[in-house]
Amino acid sequence: AGELRVGNQVLGAHGRSLLRPTYTCQPTYALGYVLGAFASDGSLDSGRRIRLEVNELEFATKFAEQLHLAFGIAPQIEPIKKPSGFLDREISQYRVRVCSSFLSDLLTHFLGGDTHSKTFKFPEVVLHDRETMQGFLDGYIEGDGNPMRSQGYYCGDGITSGNYGFLER
């Protein structure tokens, strides 16, 4: 510090962030699923907690399992109650929450720096291979998808979103 001169640049970092746990992952079905589910129904708390709150236990369970497969994290699933403005009553849901600033930064990076549902970017990493893309589609459809029917017969799943840039890509 004594050798700094006017105009020198200094990078500051919180000491604890240098010791935070890091996780490795490879493009796989699990990573794709985590990105898809998070993009459809996930959120960040305080920039370091990843949270998924959903109505179906099966969705929460699969998200937790895929998080474990992708990153080696074993999150808990907790039943919660929260108010529904639409229904004007409390509803039961399931929450999967992981406290990891590293993982939060990673998901934010993959989604183009923004995780808000109408502005996030298509995660290019899912184009790595067919398996990763299938995981992404499965995770996203689980949250924001809907079954399509023609003349009463199931003919696939559709994605509905107000994020036009994502849909276009």
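Structure: see above.
Counting restarts for each chain, with residues numbered from 1 along the sequence as it is written. At least 70 in pLDDT is required for a residue's local features to be given in this predicted model, at least 80 for side-chain atom pairs to be given and counted, and no such filter applies to totals for whole chains, interfaces and linings, which use all residues. Each side-chain value is derived from all of the structure's non-hydrogen atoms; neither hydrogens nor water enter the calculation.

1. Considerations on the environment of E65
To keep things clear, this is the line we draw: Helical segments are the DSSP runs of H or I of at least four residues, strand segments are the runs of E of at least two, and each set is numbered from the N terminus. Each residue gets one of three labels from its accessible area relative to the maximum for its type: buried under 20%, exposed over 50%, partly exposed in between, using a 1.4 Å probe on protein chains only.
The residue E65 is located in helix α2 (residues 57-71) in this model. What makes E65 partly exposed here is its relative accessible area of 44%. When the C-alpha atoms of E65 and V34 are compared, they prove to be 9.4 Å apart, with 31 residues separating the residues in sequence.

2. Brief notes about the pattern of salt bridges
Note the cut-off: The working definition used for a salt bridge is a side-chain nitrogen of Lys or Arg within 4 Å of a carboxyl oxygen of Asp or Glu.
As enumerated under the stated definition, the model contains six salt bridges in all. The partner of E53 in a salt bridge is K82, and the shortest N-O contact between them spans 2.7 Å. With E53 in strand β2 (residues 49-54) and K82 in strand β3 (residues 77-84), the pair connects residues that are 29 residues apart, well separated along the chain. By relative accessible area, E53 is classed as buried at 16%. Judged by relative accessible area, which is 28%, K82 ranks as partly exposed. One network of salt bridges, in which partners are shared, links R51, E53, E78, K82, R95 and R97.

3. Brief notes about the side chain of S40
What counts here: Here a polar contact means two N or O atoms within 3.5 Å. Within protein one must be a hydrogen donor candidate and the other an acceptor candidate, and residues neighboring in sequence count only if both atoms are side-chain atoms. Contact criterion: two residues are considered in contact whenever any of their non-hydrogen atoms come within 4.5 Å of each other.
Tracing the sequence through the fold places S40 in helix α1 (residues 29-41). Given the relative accessible area of 8%, S40 is considered buried. A distance of 3.0 Å separates a polar atom in the side chain of S40 from the backbone oxygen of A37. Beyond its immediate stretch of four places on either side in the chain, S40 contacts F59, G139, Y140, G143 and D144.

4. Here's the deal with the pairing of strand β4 (residues 89-99)
Let me state the cut-off plainly: For two strands to be treated as a pair, DSSP must find no fewer than two bridges joining them.
Across six bridges, the pairing between β2 and β4 is antiparallel. Pairing of I50 across the sheet is with V98, part of β4. Note that β3 and β4 share eight bridges and pair antiparallel. Looking at β4, one finds that S84 is bridged to R89.

5. Digging into the packing of aromatic side chains
Which entries qualify depends on this criterion: Pairing of aromatic rings covers Phe, Tyr and the six-membered ring of Trp, with a centre-to-centre limit of 6.5 Å; geometry is then stacked below 30 degrees between planes, edge-to-face above 60, and tilted otherwise.
Applying the stated criterion to the full structure yields four aromatic pairs. Ring centres of Y29 and Y33 lie 6.2 Å apart, and the angle between their planes is 25°; on these two criteria the pair is classed as stacked. Separated by four residues within a single helix, Y29 and Y33 lie in helix α1, roughly one turn from each other. Comparing Y29 with Y33, the two get one shared label, buried. Put simply, the rings of F120, F122, F136 and Y140 pair up and form one aromatic cluster.

6. Quick notes on the nonpolar core
Stated precisely, the cut-off is as follows: Buried Ala, Val, Leu, Ile, Met, Phe, Trp, Tyr and Cys residues that are joined via side-chain atoms within 4.5 Å together make up what is termed a nonpolar core.
The biggest cluster of nonpolar side chains holds 34 residues, and the ones touching the most others in it are V34, L35, F63, L67, F71, L103 and F136. Those elements that provide at least two residues to this core are α1, β2, α2, β4, α3 (101-110) and α4 (130-144). It is α1 that provides the largest number of residues to this core, a total of nine residues. Beyond its immediate sequence surroundings of up to four residues, F136 is in contact with G32, Y33, L35, G36, F122, P123, V126 and F166.

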